[in-house]
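Below are the chains, spelled out letter by letter.
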Amino acid sequence: MEIFSEKVWISTPTYHEEEIDYIKEAILTNWKSTIGENIDEIERLVCEKIGCRYAVALSSGTSALHLAVIEAGVGKGDYVLCSDMTFCATINPVIYENATPVLIDSEYDSWNMDPVALEKAFKLYPNAKAVICANLYGTPSKLDEIRDICDRYGAVLIEDAAESFGASYRGKMSGTFGHLNVISFNGNKIITGSTGGCLLTDDEKIAEHIRKLSTQSKEPVPWYQHEEIGYNYRMSNIVAGIIRGQLPYLEDHIAQKKAIYERYREGLTGLPLTLNPHTPDSEPNFWLSCILINKGAMCEQKRTDMTVTFERESGKSCPTEIFETLKAMNVESRPIWKPLHMQPVYKDCPSVSVDDSFSVCEDIFERGLCLPSDNKMKAETQDIIIQTIRSCFE
Ligand SMILES: *Cc1c(COP(=O)(O)O)cnc(C)c1O
């Protein structure tokens, strides 16, 4: 068994030389705070890439989601219909506002929010204020269908495009389908500022209000005057310098990620598994490549909240076996997002699936695994990983 002397990570930041120039300039010209050319430039560049009218640079994707939830008018006692299989940051802002997330199951075509389950949830919660739909692993959800349902029920759609910057659905960029949209520049995303995020909208008033909320809601008078609660959520001009240096490489990163996905697809051909799917009318950014093992090829896994074990079986495998085999080789892989309805901290949140007795996202969690997808991974390294996965099924 090969053991890599340098750890192979799922996804790491990629350095581009311009980053240091933009940071250096910000420091030397003393624009280190939350105003400056880097911020202005990334807001302009993001609008240009996504085709939206306004981008407001914020300290993180989570803070952008929080302000989106506030802007949607969500408050105490409200219901917000949210993706179930996603990162906790998608739904936490709903709880910060004392509202209740209703967790909506996934479909198998994109692994994202199922429009059929969403429609069912609106019948149960017809007054739901908003919907937060996440595009997992860079793959767009069925965004037109979801937007259409939101419009019919008069709910605000918040597109959580944290992972899908640069992806598109029916020729339209991810990050333009919601009334409010969020991207993230967290350390492992396809473009990173070490941290950071943007709220995207076509509405000038909303953009202005988000800017105000993110800078402690100061009224436009010389003294400190406050008429609503504000937040310290604006992006730093130093962080913006990193992002500004990264943004021109978005298309390169996507091409590299796509090549990794295609190499997995070819290399894993013939095994009883599929890669994370996308609908034929969408173009993902291929942020992470994942596998889903066929039901009939799963060896047994036993799971508690905090532990998981498996029974080795010839001709079969499971995510836990592959995870542990790769780990022993100093290779990082990661389970699919554990559905939020399975998390103790969200046990009081209602959840809705098409079939009351079956959860699609539990099934994907049980049979799925995220594979190393670093855009700098060498082809030889990936080939060894592919061979290792093959050996797990022997
Ligand atoms: C990363 C991520 C976020 C949060 O973004 P941060 O910049 O880390 O705050 C939100 N939703 C999803 C789906 C994410 O992957």
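All figures in this text were calculated on a predicted structure; none of them were measured in a lab.

Some remarks on the site of the ligand
Then, number 1: Lining the immediate environment of the ligand, one finds 15 residues, of which Thr62, Asp160, Glu163, Ser184 and Lys189 sit closest.
Then, number 2: A distance of 2.5 Å separates an oxygen atom of the ligand from a polar atom in the side chain of Glu163.
Then, number 3: Relative to its free-state accessible area of 380 Å², the ligand is covered by the protein chains to the extent of 94%.
Then, number 4: Considering every element that reaches the shell around the ligand, the biggest residue donor is helix 3 (residues 61-71), with three residues.
Then, number 5: Taken together, the residues that form the shell around the ligand break down as four nonpolar, eight polar and three charged.

Observations regarding the environment of Glu119
Then, number 1: Looking at where Glu119 falls in the secondary structure, it is placed in helix 5 (residues 115-124).
Then, number 2: Look at Glu119 and you get buried, because its relative accessible area is 18%.
Then, number 3: Leave out the neighbours within four places in its chain, and Glu119 touches Ile149, Arg152 and Tyr153.
Then, number 4: A polar side-chain atom of Glu119 sits 3.1 Å from a polar atom in the side chain of Tyr153.

Describing the side chain of Asn112
Then, number 1: Tracing the backbone shows Asn112 in the loop between strand 3 (100-104) and helix 5.
Then, number 2: Dropping the residues within four chain positions of it, Asn112 is found in contact with Asp105, Ser106, Glu107, Ala134, Asn135, Leu136, Thr139, Pro140 and Ser141.

Comments concerning the domain arrangement of the protein
Then, number 1: What the domain assignment reports for the protein is domain 1 (18-248) and domain 2 (250-392).
Then, number 2: Taking only C-alpha atoms into account, the centre of domain 1 sits 26 Å from that of domain 2.
Then, number 3: On the side of domain 2, 44 residues touch domain 1, which itself brings 50 residues to the contact.
Then, number 4: Of all residues in domain 1, Tyr108, Trp111 and Tyr137 bury the most surface against domain 2, accounting for 22% of the area lost on that side.
Then, number 5: Where domain 1 touches domain 2, the interface holds three salt bridges.
Then, number 6: The partner of Lys120 in a salt bridge is Asp356, and the shortest N-O contact between them spans 2.8 Å.
Then, number 7: The tally of links from domain 1 across to domain 2 stands at 24 residue pairs in polar contact (both at pLDDT 80 or more).
Then, number 8: Of all the secondary-structure elements, those providing two or more residues to the side of domain 1 that touches domain 2 are helix 4 (92-96), strand 3, helix 5 and strand 6 (168-169).
Then, number 9: When its residues are assigned to classes, the side of domain 1 that touches domain 2 shows 26 nonpolar, 13 polar and eleven charged.

Observations regarding the nonpolar core
Side chains that are nonpolar tend, in soluble globular proteins, to be buried together.
Then, number 1: Judged by nonpolar contacts, the single largest core of 40 residues is most densely connected at Val46, Tyr137, Phe165, Phe185 and Cys198.
Then, number 2: Tallying contributions element by element places helix 2 (residues 37-50) first for this core, with six residues.
Then, number 3: When residues of this core are assigned to domains, at least three map to each of domain 1 (18-248) and domain 2 (250-392).
Then, number 4: Look past the residues within four positions of Cys198 in its chain and what remains in contact with it is Ile42, Val46, Ala55, Val56, Ala57, Leu58, Ala64, Asn181, Val182, Ile183 and Phe185.
Then, number 5: Counting 32 residues, the second largest nonpolar core, distinct from the first, contains Cys82, Ile91, Leu180 and Ile210.

Looking at the packing of helix 1 (residues 18-28) against helix 8 (residues 237-246)
Then, number 1: Where helix 1 meets helix 8, the axes come as close as 7 Å, and the angle between the chain directions of the two elements is 155°. Overall, the two elements helix 1 and helix 8 adopt an arrangement that is roughly antiparallel. When you trace helix 1 past helix 8, the crossing you get is right-handed. In this structure, helix 1 contributes Glu18, Glu19, Tyr22, Ile23, Ala26 and Ile27 to the contact, and helix 8 contributes Asn237, Ile238, Gly241, Ile242, Arg244, Gly245 and Gln246.

Considering the sheet that holds strand 5 (residues 156-160)
Then, number 1: Strand order in the open sheet formed by eight strands is 1-9-8-5-4-2-3-16, and the pairing between neighbours is mixed. Edge positions in the sheet fall to strand 1 (54-58) and strand 16 (351-352), since each has one partner strand and no second.
Then, number 2: The pairing of strand 8 (residues 180-184) with strand 9 (residues 197-201) spans four bridges and is antiparallel. Counted as the bridge partner of Val182 is Leu199 from strand 9.
Then, number 3: Relative to the sheet, helix 2 contacts strand 1, strand 8 and strand 9, its axis offset from that of strand 1 by approximately 135°.

Basis of the calculations
Per-chain numbering applies: the sequence of each chain, read as written, is numbered from 1 onward. In view of the model being predicted, local features appear only for residues whose pLDDT reaches at least 70, and side-chain atom pairs are presented and counted only at 80 or more, with totals across whole chains, interfaces and linings using the full set of residues. Computation of side-chain values covers all heavy atoms of the structure but excludes hydrogens and water. By convention in this text, a residue qualifies as near a molecule or strand provided that one of its non-hydrogen atoms is within 4 Å of it. Polar contact is the term for a pair of N or O atoms within 3.5 Å; when the atoms are in protein, one must be able to donate a hydrogen and the other to accept it, and sequence-neighboring residues count only if both atoms are side-chain atoms. We get accessible surface area from the Shrake-Rupley algorithm with a probe of 1.4 Å; when it comes to residues, only the shown protein chains can shield them. For the purposes of this entry, the term helix denotes a DSSP run of H or I that reaches at least four residues, the term strand denotes a run of E that reaches at least two, and both are numbered from the N terminus. Residue polarity is assigned by list, with Asp, Glu, Lys and Arg as charged and Ala, Val, Leu, Ile, Met, Phe, Trp, Tyr, Cys and Pro as nonpolar; anything else, Gly included, falls into the polar class. Working definition: with a 1.4 Å probe on protein chains only, accessible area under 20% of the residue-type maximum means buried, over 50% means exposed, and in between means partly exposed. A contact between two residues is defined here by any heavy atoms of the two lying within 4.5 Å. These domain boundaries are the output of an automatic or database domain assignment. Here the quantity called buried area is the accessible surface, traced with a 1.4 Å probe, that two parts lose on coming together, added over both. Criterion for a salt bridge: a side-chain nitrogen of Lys or Arg within 4 Å of a carboxyl oxygen of Asp or Glu. The definition of a nonpolar core used throughout is a set of buried Ala, Val, Leu, Ile, Met, Phe, Trp, Tyr and Cys residues joined through side-chain atoms within 4.5 Å. Axis lines are fitted to C-alpha atoms, over the contacting stretch for helices. Their N-to-C directions set the angle, which ranges from 0 to 180 degrees. Here the angle decides the label: under 35 degrees means roughly parallel, over 145 means roughly antiparallel, 65 to 115 means roughly perpendicular, and every other value means oblique. When the near helix sits turned anticlockwise from the far one by under a right angle, the crossing is termed left-handed; a clockwise turn instead gives a right-handed crossing. Any two strands between which DSSP finds at least two bridges are classified as paired.

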